[in-house]
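Results of the structural survey
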Amino acid sequence: MGPLSLPRKVTVLGSTGSVGVSTLDLLERAGGEVEIVALVAGRNVEKLAEQALKWRPAVAVIEDEAALPALRERLAGSGVRSAGGPAAVIEAAAMEAQWVMSAIVGVAGLAPTLAATATGAIIALANKESLVCAGPELLRIAKLAGGMVIPVDSEHSAIFQVFERENVQRIARLILTASGGPFRTWSRQAMASATREQAIAHPNWSMGAKISVDSATMMNKGLEMIEAAYLFAMPPERVDVLIHPQSIIHSMVEYADGSTLAQMGAPDMRTPIACAFAWPDRLPWDAPALDLTKSGPLTFETPDLDRFPALALAKHALRTGGMAPAAMNAANEVAVSAFLDRRIGFLDIAATVAETLERLDADGALDGGGDALERARDADAAARRVAGGLVAAPLRSQTA
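Reading the values: the criteria
- Residues numbered from 1 in each chain as written.
- Predicted model: local features only at pLDDT ≥ 70, side-chain atom pairs only at ≥ 80, totals over all residues.
- Heavy atoms only, no water.
- Pairing = 2+ DSSP bridges.
- Helix = DSSP H or I, 4+ residues; strand = E, 2+ residues; numbered from the N terminus.
- Axes fitted to C-alpha atoms, helices over the stretch in contact; angles between N-to-C directions.
- 1 Å grid on protein atoms, 1.4 Å probe; cavity = no way out; pocket = protein on both sides within 12 Å on 5 of 7 lines; lining within 4 Å.
- Points joined across faces, edges and corners; volume = space filled by probe spheres on them.
- Nonpolar A, V, L, I, M, F, W, Y, C, P; charged D, E, K, R; others polar.
- Parallel < 35°, antiparallel > 145°, perpendicular 65-115°, else oblique.
- Contact = heavy atoms within 4.5 Å.
- Buried < 20%, exposed > 50% of the residue type's maximum accessible area, 1.4 Å probe, protein only.
- Right-handed = clockwise from strand over helix to strand, strands pointing away.
- Salt bridge = Lys/Arg side-chain N within 4 Å of Asp/Glu carboxyl O.
- Core = buried A, V, L, I, M, F, W, Y, C linked by side-chain atoms within 4.5 Å.
- Patch = residues over 30% accessible without salt bridge, like charges linked within 9 Å, V, L, I, M, F, W, Y side chains within 5 Å.
- Areas by Shrake-Rupley, 256 points an atom, 1.4 Å probe, with all protein chains shown as cover.
- Phe/Tyr/Trp six-rings, centres within 6.5 Å; stacked < 30°, edge-to-face > 60°.
- Lys NZ or Arg CZ within 6 Å of the ring centre and 35° of its normal.

**Notes on the sheet that holds strand 9 (residues 239-243)**
Note on sheets: strands pair through backbone hydrogen bonds, and any given pair is parallel or antiparallel. With respect to topology, four strands assemble into an open sheet ordered 9-8-10-11, the strand pairing being mixed. Two strands bound the open sheet, and with one partner strand each, they are strand 9 and strand 11 (260-264). Each strand of the sheet is rotated relative to its neighbour by a mean of 20°, with strand direction disregarded. Examined bridge by bridge, strand 8 (residues 171-178) and strand 9 share five bridges and lie parallel to one another. Looking across to strand 9, one finds that Ile175 is bridged to Asp240.

The following block contains the structure:
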């Protein structure tokens, strides 16, 4: 077996979040020579400075410009350049690198991901919003630049690994698996009074608060359906979700001959990151082994759309097309933020998204004009305005 041909120059966008931390941990465990070009974080100055002093990138960028003086103070004399603000984030994303981890949470990750993609680098994509808001454009840019987009979400990574591109016309459907989150067995009535703490207590994964709430509403799976449809050029009716509480099978591809191929593994984000880093090779590292004799029974359930309406909302947005997915994502961000701030109830999240989409569709605001980034930004801003008004006067009648 010959030596691995791995990317040497690496940028990590969102380095202090759970995916960014896992990425740097994997790179350290795997060994080899890696040059970190840029590390980018939102507002966690202390963690970013710690990473920068360890990895010595050319630049460390903090998106919150008010935190730049603190970052400069921590990096003084280190030789690591400090920068701050949204423009600096995009500049760092566009620096020459062979492999870029795109893990900035939310729509804030869209512009830097597009900038990184235009360089022709391999994009390890963990930012859902880049695909949800501008998937066709992102993939077009990657193709023109001679780069590649490799998904890092465990579900899309699983599909990517068993997706037979030469037999794409023989694929019947894509099946995304979902843990079901913390409220999988809760009644709708009980979910109406769910607390912030209960919603972010994910049973299988360690994630940030926003992503954990998305898992609890299953909006994360709705967003992933949209991503899968774009990534693998599948129509909405051929992308489905199946609840699999053990999170061992990460997703499946069903073929026309009745065969279903699945990718399995322990629930550890470093595994899909390793896949994206070494593809089409495999990266040897001290990965957690999957022992099926100890994992217990593997079970599956059909999602209940009455308790988890986010799935139906996402399928509707995908069928509507245009900027509906971008608007849905923005409304969800506003609603989740309001829930985390204890301003609305748990079931108000999906209700807010549904009402926002209905109002924008009625106003014709989901079509727009201009380039993809402009259209996505316009739809995002419009949805935030509408959703912001709704969370100020929550739709309490829809919470039970």
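**What about empty space enclosed by the protein?**
Overall, the coordinates contain four cavities of 30 Å³ or more when judged by the stated rule. Empty space within the largest cavity amounts to approximately 60 Å³. If you go around the largest cavity, the residues you meet are Met191, Thr217, Arg307, Phe308, Pro309, Ala310, Phe346, Leu347, Ile349 and Ala350. Residue classes in the lining of the largest cavity are distributed as eight nonpolar, one polar and one charged.

**Some thoughts on the packing of helix 5 (residues 110-117) against helix 16 (residues 372-392)**
Relative placement of two packed helices is described by the angle separating their axes and the distance separating the axes. Two elements in contact, helix 5 and helix 16, have axes separated by 11 Å at closest approach and are oriented at 170°. The angle between helix 5 and helix 16 falls in the class roughly antiparallel. Residues Leu110, Ala111 and Leu114 of helix 5 form the contact with helix 16, whose own contacting residues are Leu373, Ala376 and Arg377. When its residues are assigned to classes, the contact of helix 5 with helix 16 shows five nonpolar, no polar and one charged.

**Things to note about the pairing of strand 5 (residues 99-102)**
Side chains of strand 5 alternate between two faces, with Trp99 and Met101 and Val100 and Ser102 buried alike. Sheet topology places strand 1 (residues 9-13) next to strand 5; four bridges connect them, and they run parallel. When the bridges of strand 5 are listed, Val12 appears paired with Met101. In this structure, strand 5 lies alongside strand 6 (residues 122-125), joined through four bridges in parallel fashion. Residue pairing in the sheet places Val100 in a bridge with Ile123 of strand 6. Tracing the backbone out of strand 5, into helix 5 and back to the parallel element strand 6 gives a crossover that is right-handed.

**Notes on the pattern of salt bridges**
A side chain of one charge can pair with a side chain of the opposite charge when the charged atoms of the two come close. Inspection of the entire model under this criterion finds 25 salt bridges. Lys210 is the salt-bridge partner of Glu129, the closest N and O atoms lying 4.0 Å from each other. Taken together, the residues span a long stretch of sequence, with Glu129 in helix 6 (residues 128-145) and Lys210 in helix 10 (residues 209-217) at a distance of 81 residues. Overall, Lys210 belongs to the buried group, its relative accessible area being 16%. As a salt-bridge pair, Arg270 and Asp268 come within 2.6 Å of each other at their nearest N and O atoms. An identical accessibility class is assigned to Arg270 and Asp268; each is buried. Overlapping salt bridges, with partners in common, bring together Lys128, Asp153, Glu155, Lys221, Glu224 and Glu227 in one network.

**Section: the nonpolar core**
Judged by nonpolar contacts, the single largest core of 132 residues is most densely connected at Leu71, Met101, Leu174, Phe232, Met328 and Phe346. Beyond its immediate chain neighbours, meaning those up to four positions away, Phe232 contacts His156, Ile159, Phe160, Phe163 and Leu174.

**Looking at a nonpolar patch on the surface**
On the surface, a nonpolar cluster with roughly 230 Å² of combined accessible area is contributed by Met264, Leu290 and Leu292. If you trace the backbone, Met264 turns up in strand 11. Taking relative accessible area as the criterion, Met264 reaches 34% and is therefore assigned partly exposed.

**Here we look at unusual backbone geometry**
A cis geometry characterises the amide bond from Trp279 onward to Pro280, with omega recorded as 10°. If you trace the backbone, Pro280 turns up in the loop between helix 12 (270-278) and helix 13 (310-320). Even without a glycine there, the phi angle at Met218 is positive, about 70°. Take Met218: it is sitting in the loop between helix 10 and helix 11 (219-231). By relative accessible area, Met218 is classed as buried at 1%.

**Details of the layout of surface pockets**
Its boundaries defined by the atoms lining it, the second largest pocket holds a volume of some 300 Å³. What lines the second largest pocket is a set of 14 residues, among which Leu139, Val149, Phe160, Arg165 and Leu231 lie closest to the centre. If you list the elements that add at least two residues to the lining of the second largest pocket, you get helix 6 and strand 7 (148-151). Split into classes, the residues belonging to the lining of the second largest pocket amount to 11 nonpolar, one polar and two charged.

**Let's talk about the packing of aromatic side chains**
Counted by the stated rule, this structure contains six aromatic pairs. Judged by centre distance (5.0 Å) and plane angle (90°), the ring pair of Trp99 and Phe277 falls under edge-to-face. Here Trp99 is found in strand 5, whereas its partner Phe277 is found in helix 12, with 178 residues between them in sequence. Here the two residues Trp99 and Phe277 agree in accessibility, since each one is buried. Each residue in the set Phe183, Trp186, Phe339 and Phe346 is aromatic and connected to the rest through ring pairs, giving one cluster. One Lys or Arg, Arg165, reaches over the ring of Phe160 and ends 4.6 Å from the middle of that ring.

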